[in-house]
Amino acid sequence: MTKVINLPENFIGKEDAVKLESFGGHTLSLGRATRWHWHKGDEGGDVFEIYLGGENEALAAQISRDRDRHAFCARDGDGNRIAEGRLEHVLAELEAYFARLHGEVPNPPA
């Protein structure tokens, strides 16, 4: 007998979750954020969040997956889209976003 498993519509798989957590740790290690957190979105899908600040903590970015569009989407704390597409593309755009947010020059010349 086959067991049927109903996954949430915007489920993020283990391999991608590890990549997101690794990116979160990298962002924290550079001092660009203070913590990351997983939660369930309004429709039950996984959402990865990255926060800034201490006492007045603020959401800096959230990453979710749209299964129908086969794409990840990153939004800032106000809900504005930062990037959409393959996870690697979204993480690269987030890297530049956090660098700009903190006044760093992304990819300085060698």
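Before any of the text, the structure's been laid out above.
First, a word on scope: everything that follows refers to the structure included in this document.

Definitions and cut-offs
- Residues numbered from 1 in each chain as written.
- Predicted model: local features only at pLDDT ≥ 70, side-chain atom pairs only at ≥ 80, totals over all residues.
- Heavy atoms only, no water.
- Pairing = 2+ DSSP bridges.
- Helix = DSSP H or I, 4+ residues; strand = E, 2+ residues; numbered from the N terminus.
- Buried < 20%, exposed > 50% of the residue type's maximum accessible area, 1.4 Å probe, protein only.
- Axes fitted to C-alpha atoms, helices over the stretch in contact; angles between N-to-C directions.
- Contact = heavy atoms within 4.5 Å.

1. Details of the pairing of strand S5 (residues 81–85)
Here comes step 1: Bridge count for strand S4 (residues 71–76) against S5 is four bridges, and the pairing is antiparallel. Following the sheet pairing, phenylalanine 72 is matched in S5 by glycine 85.
Here comes step 2: In textbook terms, the turn of a hairpin is the stretch between consecutive antiparallel strands, and for S4 and S5 this stretch comprises four residues, one of which, glycine 79, has a positive phi near 90°.

2. Overview of unusual backbone geometry
Here comes step 1: Unlike most non-glycine residues, histidine 70 shows phi in positive territory, near 55°.
Here comes step 2: Along the chain, histidine 70 turns up in the loop between strand S3 (58–66) and S4.
Here comes step 3: Residue classification places histidine 70 among the exposed positions, given a relative accessible area of 67%.

3. Section: the sheet that holds S3
Here comes step 1: The five strands lie next to each other as S1-S2-S3-S4-S5, forming an open sheet whose pairing is antiparallel. In this open sheet, the two strands that pair with only one neighbour each are strand S1 (35–40) and S5. When the angles between neighbouring strand axes are averaged without regard to direction, this sheet yields 20°.
Here comes step 2: Running at roughly 150° to S1, helix H1 (residues 14–29) makes contact with S1, strand S2 (46–52), S3 and S4 of the sheet.

By themselves, these figures tell us nothing about what the structure is for.
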